[in-house]
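Fold and geometry: a report
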2 protein chains.
Amino acid sequence: MKLLQSFKARTGEAFGAPLLAHTAEQVDAAAQAAHQAFASWAASTGAERAALLDGLAAALEADREALVQLADEETGLGPGRLNGELDRTAFQLRRFAAMAARGVAFDVLDDPAVAGAPPVGHPAMVRQRVPLGPVAMFSASNFPFAFSVLGGDTASALAAGCPVVVKAHSGHLLLSNRVHGLAQSVLKTLGLPTGLIGMVQGGGRDVGVSLIRHPAIAAGAFTGSTSGGAALQAEANARPRPIPFYGELGSINPLFATPEILAAKGAELATLLAGSITLGCGQFCTSPGVVILLKGAEGQSFVSQLTQALAAQNPHAMLTPGMRQAFDAGVDHLVVSDVKPLLHEAGHAEAPRPFLAEIDAVHFIAKAELREEVFGPASLVVWADNLSQVTEVLQAVGGSLTVTLWGAEQDTPDNQALVRAAMAIAGRVLFAGVPTGVAVTAAQQHGGPWPSSTQPMTTSVGDAAMERFLRPVALQDAPAWLLSRAGRPC
Amino acid sequence: MKLLQSFKARTGEAFGAPLLAHTAEQVDAAAQAAHQAFASWAASTGAERAALLDGLAAALEADREALVQLADEETGLGPGRLNGELDRTAFQLRRFAAMAARGVAFDVLDDPAVAGAPPVGHPAMVRQRVPLGPVAMFSASNFPFAFSVLGGDTASALAAGCPVVVKAHSGHLLLSNRVHGLAQSVLKTLGLPTGLIGMVQGGGRDVGVSLIRHPAIAAGAFTGSTSGGAALQAEANARPRPIPFYGELGSINPLFATPEILAAKGAELATLLAGSITLGCGQFCTSPGVVILLKGAEGQSFVSQLTQALAAQNPHAMLTPGMRQAFDAGVDHLVVSDVKPLLHEAGHAEAPRPFLAEIDAVHFIAKAELREEVFGPASLVVWADNLSQVTEVLQAVGGSLTVTLWGAEQDTPDNQALVRAAMAIAGRVLFAGVPTGVAVTAAQQHGGPWPSSTQPMTTSVGDAAMERFLRPVALQDAPAWLLSRAGRPC
C-alpha cells in the first residue's frame, strides 16, 4: 500500500494527510466504470453534454476561494494567476458546452447518391463522427486547473461524447481530489454515472502505465515532459490494439527580432520578453527559451536591456522541489556545453533566479543538447551572422509549439523566408506580443512537429481540440431511421 | 548491384529485362530532389497544382492501351478491371485537381481580435495549413493504378503541396516505371522540377526503410499488409524526429445479415456476396472475410446458396506467386484452427479456388488467429446464437475498414445495438451492397481502428485524404502582407 504526500510548494513541507496510491485493481475499476458510462454518454444529446460542462464550470466558480487557496499552497503560483486560470478553465468548459449544444460533434456531410457506373456514380454516403471511447487524461503540473482534472482535454473529450479517466498529477494531489469531488457531485446531481469522470493517482509510473495499457481505454491525452510523454506514447503503440495518443511535450519556442524593430523599441521589447521568460517562474510550455538575434549593435544593446530586465525579476517558487533541482541541472548542463552566461545567480531553495546565456549559431546548431527544454526562467541568446543562419537555427530546433517573429512587417523575400521557416516548425507563429498565454479560441493551434507534439495535426487548446476524440465513419445506403438521428450515435 | 525481375502473373515466367534495384545513394538523391522541389511547390497556386494533376490524368488516359496491357501481364487482373481502375485513377487525380483549384488547401479560419482581458479577449488569430513536406508513398500490389505511382496518396499529397517519393511495388515494376516516365514527361512539359514525383525500387526491405528513415521525408503513406505496415510505422516512430505514418493495413470486413432479409432474398444476396468475395480474386482490402449469421434455417439455406454461388466462380490468377502461396498457407491455417470447410478445392498453380468455411462464434471469439486476413477469395461463416453474440463477434474483430449490415431497416433497439457495434470498429458501415468498390467521393472514409489503419482519424480514399498532408498553423497578429496571401504559404 503506497502512500502519496502533498507538499507546500513555497516551503517544501508536507501538506495535509497522506493519500493512498491506487492499486492496479482500482485503475481497472476506473477504466471499467468509464467503459460502462460510454454507451449512454456517446448517445447523449448536445444539450445533455452542455448541461454537464456548464455544471462543471459553475461548480469550479462556486468553490473558487477554497480551490485557489489549495492550489496556491500546492503550486506556489499565486492567487492572481490561479484565479485567472480558474476563469480560463470555466471559460473553456463553457466554450465546449456551447459547441456541444450547437451539435458540432454531430456535424454530417451528406453526399447523395449519383447515378451511373463508378467512378462518377456512387451510392448515397453520409460522413459523420463517433466518439472514440474512454480517454486516459494525464494532468500537467504547471496548469493545476486548465490542464488538469477539468481542463481542456477533459472538456473537449466530454463534449465529443467520451468518458475520461484522469491521472492526477502528484504536484497538486489535494486540489485534484477536491476538483474531482466537485465533478462527482455534479454528475450525481445530473443523474449521470460517476464513472464518466474517473480519477486515479499514483507516485511512480505504474498507475499511468496501467491506465494507458487498459483495454477499455481508447485514447490518451497528455501534457508534460518529452521523456514522460514519449514513454506513454510507446505504451500506447505497443498495445495489442494501438490507440491514438495526443501528447503535448517539450518546446523551446524560438523568438527572432530584427535589428530594425530593436532599434525602434528595444527597451520596451526587452521588458516584455523578460516578463514572458519569468512568467509563472518560466513554467509555461510556451516560455521563450531561445532568442535569435543578428550580430550587431542593435542586438548587443537589446541583450543588455534584456539582462537588466531579467535581473529585476523575482521569480516565485517552482512547482516542486524536483523541478527546482531539474532547473539547476539544466542550467549547469547549458554552462558546461559552452554557452556564455549573461545572468547566472544562485537562487533560493524553492525559487530560482532568472538565467540568460549566449552562444553562436554555429555551436547552437551543432549541439543537440542545447535544444533541450530547460523548464523554468531560462533563455538562451543565439547570435546569427545573417538571416540565412536564422533560418538554419529554426530548422535545427525542428519542432516547437510557437515561433515569434518581431519585425516582419513588410512583404520582402527575407521576411517570406523567415515566415516559411517559422511555419515549417511551429503550430503557432506570432508577429507581436509573447508566446506565453494561449488564447482559448476558434483558430488556436497548440501543437507543432515533434517534440512539441506527438500528433502535430491536432491541437490541445482551442475549438479543434474536440476533433481529437471523434473518428469519421461513412454510412453507405443508410436507412432513414439512422439518418433521422442527424449524426448522433445510436 | 541487385537486380529486380518482373514476372507475368498468369504464368510466373520472367517478363522483360531485369531492372536495377536502387542503392542507398539513389534513395538519398530522390529524397533530396523532393526536398529541393518542396519550397516552390508548397508556394504554388491552386491553378498550378490543378494543371499538374490534370496533366497526369490526361497522360494516363493517352497511354491507356499500353498501360493496361502492361498492367495485365504483370498483375493478371484483366483488361476490364484495369481499364476501370485507370478511369478511377484519372478521376481521382482530376478530383484533387478541382479541390486544389478551389483552394481547399488554402482555407483559412479568420478569428478576429476580441478586446479585453483573457479568457474572453484575445489577439487576432488566423488558422491556416501548411504542407508537411516530401511524402514517402508505398505502392500497393492490388491496385496497380489507383494505389500506386499516381494513385490517391500521390494525388492528395500533390494537391496539398507536398512532393512525393514513390516506393514502386515489386509486383508491377515495368508498369511503375512506365507510369513514372509519363509523370516525368508531364513535369518537364510544365517546367516543374522532376524531383516533385520521385520513384525508387528495391526487392527487400532496404529501400523502403532507407526512404522512411530519410531526414527529408516528412510523412509516410502505405497500403499493404499489417506486418509490412507495422514495420514501417515502427521505423517512422523510431526516427530522431517521428513523422506521421498513414498505413492502410489488413481488414477482414465482417458482414451480418438478418434472418428476415435472408428469407426475403437470400439467393440474390448469396450471388452478390459470392461475387464480392471472389472479385479480383479476393485481392481487395475490403473483401468480406467474415459472414456472421444467426443459427437457424434461414442462415443454413443462405450458406448452401453461398457455397453453390462460390463454387460457380472461377477466380483468376493471383498477383504474385508469393501471394498464391500465402493464400494456401492462410487457408491451411484456418483449417487446422478447427474451422469446418464448406468449399475447399485444390486450385491451380496461379489461380486458387474460392474457400468457404464455418465456425461457431464462441470459437471465433476465442481464437485470435481466425481474425487474421487471408488475402484472396476466402471467407468464414461465423454462427451466432443471438444478436448479442453478433455484437461480441464484431468487438472481437476490433478494427476493420468496413462492416456490412444487411437487414437493419427498422429503428429497433436490436438494430441500434448492431449499428453501434459496427460504427465502433469500422470506418465505413454499409446497409446495402457489398464492401468491395470504394467510392471516390466527398463523404468516403477508408480507414478504421487498428489493424485496418494506423491513423483511424484519417482516410486514404475520398476528399478528406488531402488533410493527411496539411498541418494547421495559427498566425497571431499576422501582418497584412501575410494575410493578403489568403492561406497560401510563402
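Just above sits the structure.
I will try to describe carefully the structure that is included in this document. (Residues numbered from 1 in each chain as written. Chains lettered and ligands numbered in written order. Predicted model: local features only at pLDDT ≥ 70, side-chain atom pairs only at ≥ 80, totals over all residues.)

1. Thoughts on the relation of the copies chain B and chain A
In screw terms, the move from chain B to chain A is a rotation of 180° and a rise of 0.0 Å along the axis, fitting with an RMSD of 0.0 Å. With respect to symmetry, the two chain copies, as superposed, fit the operation of a two-fold axis. By C-alpha distance to the rotation axis, the residue of chain B lying nearest is Asn237(B), at 4.7 Å. A symmetric contact is evident, with 100% of the interface residues of chain B recurring at the interface of chain A. (Least-squares fit on C-alpha atoms with pLDDT ≥ 70 in both. Contact = placed C-beta atoms within 7 Å.)

2. Comments concerning helix α3 (residues 64–75) of chain B
All names here are of chain B. For α3, which comprises 12 residues, the first-to-last C-alpha distance of 16 Å matches the rise-based estimate of 16 Å (1.5 Å per residue) to within 8%. Taken together, the buried positions of α3 are occupied by Leu-67, Val-68, Leu-70, Ala-71, Asp-72, Glu-74 and Thr-75. In this structure, the buried residues of α3 make contact with β1 (3–7), β2 (14–20), α2 (46–62), α4 (79–102) and α6 (173–189). Positive phi shows up at Gly-76, right after α3, with a value of about 70°. (Helix = DSSP H or I, 4+ residues; strand = E, 2+ residues; numbered from the N terminus. Expected span 1.5 Å × (residues − 1). Buried ≥ 20, exposed ≤ 12 C-beta atoms within 10 Å, placed from the backbone.)

3. Overview of the pairing of strand β4 (residues 125–131) of chain B
Along any regular strand the residues' side chains alternate between the sheet's two faces. Residues and elements named next belong to chain B. In terms of burial, β4 is a largely internal element, 7 of the 7 residues being buried. Going residue by residue along β4, you find Met-125, Arg-127, Arg-129 and Pro-131 tucked away on one face and Val-126, Gln-128 and Val-130 tucked away on the opposite face as well. Note: β4 against strand β17 (residues 470–476), 7 bridges, orientation antiparallel. Bridge assignment links Val-126 to a residue of β17, and that residue is Leu-475. (Pairing = 2+ DSSP bridges.)

4. Digging into the sheet that holds strand β17 (residues 470–476) of chain A
In any sheet, the strands associate via hydrogen bonds between backbone groups, in a parallel or an antiparallel arrangement. Strand order in the open sheet made by the 10 strands is β3(A)-β4(A)-β17(A)-β16(B)-β15(B)-β10(B)-β11(B)-β14(B)-β13(B)-β12(B), with mixed pairing throughout. The sheet is open, and its two edges are formed by β3 (109–111) of chain A together with β12 (340–343) of chain B, each paired on a single side. Here the average twist between neighbouring strands, direction ignored, is 25°. Taken strand by strand, helix α9 (residues 259–278) of chain B contacts β10 (254–257), β11 (290–294), β14 (378–384) and β15 (400–406) of chain B, and its axis lies near 155° from that of β10(B). Contacts from helix α10 (residues 297–311) of chain B reach β10, β11, β12, β13 (355–360) and β14 of chain B within the one sheet, and its direction differs from that of β12(B) by about 55°. (Axes fitted to C-alpha atoms, helices over the stretch in contact; angles between N-to-C directions.)

5. Digging into the environment of His316(A)
Residue and element names in this part refer to chain A. Within the secondary structure, His-316 is located in the loop between α10 (297–311) and α11 (321–336). Put simply, His-316 and Ala-267 are 49 residues apart on the chain and 24 Å apart in space, counted from C-alpha to C-alpha. If we skip the residues at most four places from it in the chain, His-316 touches Gly-76, Gly-78, Cys-281 and Ala-351.

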